[in-house]
Amino acid sequence: MDCCAPSNNTEAIKTECPSCGEKGKNVQLITLKSLLKSSAIEIIEPENSYVFCSNPACSIVYFSGNYSQTFVENDIKVQVYQKNQSTDVPVCYCFDWTRERLLQSVGSDPKPAEQIKSHVQAGRCGCEVNNPQGACCLGNVNVFLRGLKEV
Ligand SMILES: [Zn+2]
């Protein structure tokens, strides 16, 4: 096999999770390479596209666009916010804001969302290699904090 040959995979790339049917979000290969355990990295197919399933009720974290592969939380080095309700799970992976730490910071000044935002604006975040969803956590942080107020 020639690993340098351009991919001519013309199969339709699916973004609906093969397990729950919810539409997932495409993630970059670097996210999988950073966050999968080595046993899972050893079987990824770099010519494939990979999609993140954010449905908390579904155990699939990543699946390939042609449905040949799926990965669950156990294949990943870190706990996955969307799949794991523990208080020690990060909501913001880059700056290590766990649910617990966010809970404890309620009423603090500056607010955690403001602290995170200022780091993001300063270009300090690395969501694509830290956060399993491969994208910025701020939406999740805001939803989580809003949820706290409603309790
Ligand atoms: Zn799913």
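Criteria and cut-off values
Residues numbered from 1 in each chain as written. Predicted model: local features only at pLDDT ≥ 70, side-chain atom pairs only at ≥ 80, totals over all residues. Heavy atoms only, no water. pLDDT = per-residue confidence, 0-100. Helix = DSSP H or I, 4+ residues; strand = E, 2+ residues; numbered from the N terminus. Donors = N, O, S within 2.8 Å, 3.2 Å for Na, K, Ca; no water. Tetrahedral: all angles 85-135°; square planar, octahedral: opposite > 155°, others 65-115°. Buried < 20%, exposed > 50% of the residue type's maximum accessible area, 1.4 Å probe, protein only.

Turning next to the confidence of the model for the protein chain. Scored by pLDDT, the protein chain comes out at a mean of 91, with 91% of its residues at no less than 70. Element-level pLDDT for the protein chain is lowest in helix α6 (residues 138–150), with a mean of 88, against a maximum mean of 98 in strand β4 (residues 70–72).

Before going further, it helps to spend a moment on the coordination of the zinc ion. Ideal values for angles at a metal depend on the geometry: 109.5 degrees with four tetrahedral donors, 90 or 180 degrees with six octahedral donors. Within the protein, the atoms that donate to the zinc ion are C17 (SG), C20 (SG), C53 (SG) and C58 (SG), at distances of 2.3 to 2.4 Å. Considering all four donor atoms around the zinc ion, the spread of angles at the metal, 102 to 118°, places the coordination shape in the tetrahedral class. Look at where the donors of the zinc ion fall in the sequence and you get C-x2-C-x32-C-x4-C. With C17 in the segment before β1 (25–27) and C58 in the loop between β2 (50–52) and β3 (60–64), this residue pair connects regions lying 41 residues apart in the sequence. Residue classification places C17 among the buried positions, given a relative accessible area of 3%. Exposure remark for C58: the relative accessible area of 5% places this residue in the buried category.

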